[in-house]
Amino acid sequence: MTKINIILGSSRQTALGKNVINFLEENVSAYENLTGAQFNFIKLQDYQLPFFYESIPPMANKNRQLPDNEQQWINDMEDADGYIFLTPEYNHSFPAILKNALDYLSNQISGKAAFIISYSNNMRAGQFGGLELSTVLSKLGAFVMPSTEMMSIRNVQDTFEANGELISGSASADYYSKKLTTTIRKSVFYSELFQNNKFKN
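Values in this document were obtained by computation on a predicted structure and should not be read as measured data.

Calculation notes
- Residues numbered from 1 in each chain as written.
- Predicted model: local features only at pLDDT ≥ 70, side-chain atom pairs only at ≥ 80, totals over all residues.
- Heavy atoms only, no water.
- Axes fitted to C-alpha atoms, helices over the stretch in contact; angles between N-to-C directions.
- Helix = DSSP H or I, 4+ residues; strand = E, 2+ residues; numbered from the N terminus.
- Parallel < 35°, antiparallel > 145°, perpendicular 65-115°, else oblique.
- Left-handed = near helix turned anticlockwise from the far one by under 90°.
- Contact = heavy atoms within 4.5 Å.
- Nonpolar A, V, L, I, M, F, W, Y, C, P; charged D, E, K, R; others polar.
- Phe/Tyr/Trp six-rings, centres within 6.5 Å; stacked < 30°, edge-to-face > 60°.
- Polar contact = N/O pair within 3.5 Å; in protein donor to acceptor, adjacent residues only side chain to side chain.
- Buried < 20%, exposed > 50% of the residue type's maximum accessible area, 1.4 Å probe, protein only.
- Arc of directions from axis to C-beta.

A. Representation of the packing of helix α2 (residues 28-35) against helix α6 (residues 173-196) in the model. Packing of α2 against α6 brings their axes to within 10 Å, and their N-to-C directions diverge by 45 degrees. When the axes of α2 and α6 are compared, the pair comes out oblique. Taken as a pair, α2 and α6 cross one another with a handedness that is right-handed. Counting all contacts with α2, which are made through Y31, L34 and T35, the residues of α6 involved are L180, T181, I184, R185 and V188. The residue inventory of the contact of α2 with α6, partitioned by class, reads five nonpolar, two polar and one charged.

B. Broad picture of the packing of aromatic side chains. Applying the stated criterion to the full structure yields nine aromatic pairs. Taking the centre distance of 6.2 Å and the plane angle of 45 degrees together, the rings of F115 and Y190 count as tilted. Note that F115 is positioned in strand β4 (residues 113-119) and Y190 in helix α6, a separation of 75 residues in sequence. The structure contains a cluster of three or more aromatic residues connected by ring pairs, namely F115, F189 and Y190.

C. Fine view of the environment of Q157. Structurally, Q157 is set in the loop between β6 (151-153) and α6. In the structure, Q157 is positioned 138 residues away from N19 in sequence and 8.0 Å away in space, judged by C-alpha atoms. Ignoring anything within four residues of it in the chain, the contact list for Q157 reads L16, S120, N121 and I167. Of note is the side chain of Q157, whose polar atom sits 3.2 Å from the backbone oxygen of N121.

D. Quick peek at α2. Every buried residue of α2 is accounted for by V28, Y31 and T35. One side of α2 carries all its buried residues, which in axial view fall inside an arc of 60 degrees. Directly beyond the C-terminal end of α2, a positive phi value near 75 degrees is found at G36.

E. Geometry of the packing of helix α4 (residues 96-103) against helix α5 (residues 127-139). Two elements in contact, α4 and α5, have axes whose closest approach is 11 Å; the angle formed by their N-to-C orientations is 5 degrees. By the criterion of interaxial angle, the relationship of α4 to α5 is roughly parallel. Between α4 and α5, the contacting residues are L98, K99 and L102 on the first element and L133, V136 and L137 on the second. In terms of residue class, the contact of α4 with α5 is built from five nonpolar, no polar and one charged.

Below, the structure is given as structure tokens:
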């Protein structure tokens, strides 16, 4: 079964991304029935990762030994076939907690499909954060979907309640609900495409 990790890239208590990831979790049964895939929801603060501290870069450390919480993050990313990253924009980039988590990785996401959903509480939709994230993911070897496939959500608070429910009467509710379903379907399609057509030396 294809496994997709949906990762919330902010740890702020009031992060609007929680509204979005809660909506996705509320609808996970429908997504799994639609695609036949399994979706894992990841909140980075649950791993309690310290700032990256290793003396040897992960890609060069064959004898790497880590505490359980750090190894769990790496294992969870290794086990997935594809990824959807939810990111806001902090000072024209993406959050430090997400960059720090990515610094722990070596080749775990290489050759796998990655989608980015940026979001904000305004009309800009956090797009600079998404664009900066795409560069880092590409350098880690992920097949990041082009900017034309990058979803952005404006004014999250006008569409999604904190518990993930759509706001009754919201003019954008139907639009974003459909866009998220399309992103879910595409993430499974491309994850399976790359999984089943790996390059062989």
